[in-house]
Amino acid sequence: MATVIDTVTGARPRHPEKQSRPDTPMLRKPDWLRVRAPGSPGYAATRATVKEHGLTTVCEEAACPNIGECWSINHATMMIMGDTCTRACAFCNVITGKPQPLDPTEPARVADAVAKMGLKHVVITSVDRDDLADGGAAHFAEVVRAIRAAAAGTTIEILTPDFLRKPTAAAELVIDAKPDVFNHNLETVPRLYLSIRPGARYFHSLRLLERVKERDPEQFTKSGLMVGLGETKEEVMQVMDDMRSAGIDFLTIGQYLQPTRKHAAIDRYVTPDEFHAYEEIARAKGFLMVSASPLTRSSHHAGEDFAKLQAARRAKDAA
């Protein structure tokens, strides 16, 4: 079920739906999760471009720990359809509430920014828009087409909502826009959906990715998991099997980081050795590409990983 909360006048909390929840403990970060504060000239230049074009980035909205590294090399993940989400996931730092109407100028502004930044690979994500009849699918497709027109040499990776309870044609609009990579994150294991991702449905998300492969077998599919929420190793391995059954090419696994005391608590910090073991298991299960580390996020090193993904497919086809 979607959670839509009306905007009110004056100051309001970022997550009004979480204010009545008791505070959860916040574990001290281990050394392997510490990152430098952003501040390089490259970071400042990327920030200036984002502000000049009036864009929203998931890097800022989701408080990504990799923002300093990514923005220093001119890589920003753009978040379309506003900064306010209609869902209230227990892990997410994006604002929850009633979104504004879609901005028809956004596709052109995003495309212009991509062209001016000279991006070889761009990642476009969005908030959930359960308030829209198609979940924002037509707008998403228009952004992809605008980037193709303005920056023909740029490869495009999209990280979409699940289009839950929307017509089948909605997801097909986005698939038919032909992004190079279609990503939708499963986020966690099925057992934890009710507490962590209550507005979503595990098998619906899995089916969305399977449908991409059925409609366009050449399109790369990608999905991600957070760990450290209380899942077991066996549950993670079962999700890997489910993903492979759906034909998913690329798996990312990263450490869940708790945004505030009102968000889901971290169960534990998964060690780098455990991430390495997950990567080896996933490669053995047949994924073309796997990225598993404490700081792995869906769009972290996306351009370099896309090149590796293409090379892995070529090698597989040659074999």
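The rules behind each value
- The numbering scheme is per chain: residues are counted from 1 as the chain's sequence reads.
- Side-chain atom pairs in this predicted model are given and counted only at pLDDT of 80 or more, local residue features only at pLDDT of at least 70, and totals for whole chains, interfaces and linings cover all residues.
- Each side-chain value is worked out from all heavy atoms of the structure, with water and hydrogens disregarded.
- In this text, helices come from DSSP runs of H or I with a minimum length of four residues, and strands from runs of E with a minimum of two, each type numbered from the N-terminal end.
- Here the term buried applies to any residue with accessible area under 20% of the maximum for its type, exposed to any over 50%, and partly exposed to those in between, with areas from a 1.4 Å probe on protein chains only.
- Residue contacts are defined here by distance: any two heavy atoms, one from each residue, within 4.5 Å place the two residues in contact.
- Working definition of accessibility: Shrake-Rupley area with a 1.4 Å probe, residue cover restricted to the visible protein chains.
- To obtain an axis, a line is fitted to C-alpha atoms, over the contacting stretch when the element is a helix, and the angle between two such axes runs from 0 to 180 degrees between their N-to-C directions.
- Residues grouped as a nonpolar core are buried Ala, Val, Leu, Ile, Met, Phe, Trp, Tyr and Cys residues, joined through side-chain atoms within 4.5 Å.
- Every helix has an expected span of 1.5 Å times one less than the residues it contains.
- By the convention used here, strands pair only if DSSP detects at least 2 bridges between them.
- Take the far helix as your reference; a near helix turned counterclockwise from it by less than a right angle gives a left-handed crossing, and one turned clockwise gives a right-handed crossing.
- Think of it as three bins: nonpolar holds Ala, Val, Leu, Ile, Met, Phe, Trp, Tyr, Cys and Pro, charged holds Asp, Glu, Lys and Arg, and polar takes everything else, Gly as well.
- Scored between 0 and 100, pLDDT is the confidence that the predictor attaches to each residue.
- Should a side-chain nitrogen of Lys or Arg be within 4 Å of a carboxyl oxygen of Asp or Glu, the pair is scored as a salt bridge.
- Here a Phe, Tyr or Trp ring, Trp counted by its six-membered ring, pairs with any other such ring whose centre lies within 6.5 Å, and the pair is stacked when the planes are under 30 degrees apart, edge-to-face when over 60, and tilted otherwise.
- Sitting over a ring, as applied to charges here, requires NZ of Lys or CZ of Arg to be within 6 Å of the ring centre and within 35 degrees of the ring normal.

Quick look at the overall build of the protein now. Helices and strands together make up the secondary structure of the protein, namely 11 helices and 10 strands. Expressed as a percentage of its 319 residues, the buried residues of the protein come to 54%. Put simply, 77% of the contacts in the protein that link residues at least 6 apart link residues at least 24 apart. Accessible area of the protein: about 14,000 Å², with a carbon and sulfur share of 55%.

Let us now look at the packing of helix α8 (residues 202-215) against helix α9 (residues 233-245). The N-to-C vectors of α8 and α9 enclose an angle of 35 degrees; their axes lie 9 Å apart at closest approach. Contacts from Tyr202, Leu206 and Glu210 of α8 reach α9 at Val239, Asp242, Met243 and Ser245.

A word on the nonpolar core. In a soluble, globular protein the nonpolar side chains are often hidden away together inside. In this structure, Ile124, Ile147 and Met240 are the most contacted members of the largest nonpolar core, which totals 73 residues. It is helix α5 (residues 137-150) that provides the largest number of residues to this core, a total of seven residues. Core analysis: the second largest hydrophobic core is formed by seven residues, Val181, Phe220, Leu288 and Leu309 among them.

So, about α5. The first and last C-alpha atoms of α5 sit 20 Å apart over 14 residues, in line with the 20 Å expected at 1.5 Å per residue. All buried positions along α5 are accounted for by Ala137, His139, Phe140, Ala141, Val143, Val144, Ala146 and Ile147.

Our next topic: the pairing of strand β6 (residues 155-159). Of all the five residues making up β6, five are buried; the element is thus mostly covered by neighbouring parts of the structure. Burial along β6 is two-sided: the face carrying Thr155, Glu157 and Leu159 and the face carrying Ile156 and Ile158 are both buried. Two elements, strand β5 (residues 121-126) and β6, share five bridges in a ladder whose sense is parallel. Each bridged residue has a counterpart across the sheet, and for isoleucine 124 the counterpart in β6 is isoleucine 158. Relative to strand β7 (residues 181-183), β6 runs parallel, the two sharing three bridges. Bridged to leucine 159 within β7 is asparagine 183.

Below, the discussion takes up the side chain of threonine 84. As for its placement among the helices and strands, threonine 84 is situated in strand β3 (residues 84-85). Assessed through its relative accessible area of 13%, threonine 84 is described here as buried. When residues no more than four places from it in sequence are discounted, the contact partners of threonine 84 are Ile95, Thr96, Gly97, Lys98, Pro99, Val127, Asp128 and Arg129.

When two helices pack together, their arrangement is captured by the angle between the axes and the distance separating the axes. Two numbers describe how α9 lies on helix α10 (residues 272-284): the axes approach to 10 Å, and their chain directions differ by 35 degrees. Crossing geometry of α9 relative to α10 is assigned as right-handed. Together, Lys233, Val236, Met237 and Met240 of α9 and Tyr278, Ile281 and Ala282 of α10 make up the contact between the two elements. Each residue belonging to the contact of α9 with α10 can be placed in one class, and the counts come to six nonpolar, no polar and one charged.

Take the confidence of the model for the protein next. Looking at the protein, the pLDDT average stands at 89 and 88% of residues meet or exceed 70. Scored below 50 in pLDDT, residues 1-9 shows 23 contacts in the model against residues more than four places distant or in partner chains.

With that settled, the discussion passes to the pattern of salt bridges. Per the stated rule, a full pass over the model turns up 21 salt bridges. As a salt-bridge pair, aspartate 162 and arginine 87 come within 2.9 Å of each other at their nearest N and O atoms. On the criterion of sequence distance, the pair formed by aspartate 162 in the loop between β6 and α6 (168-176) and arginine 87 in the loop between β3 and β4 (95-96) is long-range, its members being 75 residues apart. The class of arginine 87 is buried, set by a relative accessible area of 6%. A salt bridge links glutamate 214 to arginine 207; the shortest N-O distance between them is 2.9 Å. The structure contains a network of salt bridges with shared partners spanning Arg87, Asp128, Asp130 and Asp162.

Within the secondary structure, alanine 292 is located in strand β10 (residues 289-292). In this structure the C-alpha to C-alpha distance between alanine 292 and alanine 277, which are 15 residues apart in sequence, comes to 8.9 Å. Aside from chain neighbours lying at most four places away, what touches alanine 292 is Ile253, Phe275 and Glu279.

Counted according to the given criterion, the structure contains three aromatic pairs. With a centroid separation of 5.7 Å and 90 degrees between ring planes, the pair formed by tyrosine 193 and tyrosine 202 is classed as edge-to-face. Considered together, tyrosine 193 and tyrosine 202 belong to a single accessibility category, that of buried residues. A centroid spacing of 4.9 Å and a plane angle of 85 degrees characterise the contact between tyrosine 202 and phenylalanine 203, whose relative ring orientation is edge-to-face. For phenylalanine 203, a relative accessible area of 59% translates into the label exposed. Among the aromatic residues, those joined into a ring-pair cluster are Tyr193, Tyr202 and Phe203. If you follow arginine 244 out to its NZ or CZ, it ends over the ring of phenylalanine 287, 5.4 Å from the centre. Its guanidinium or amino end placed over the ring of phenylalanine 220, arginine 313 lies 3.7 Å from that ring's centre, counting from NZ or CZ.

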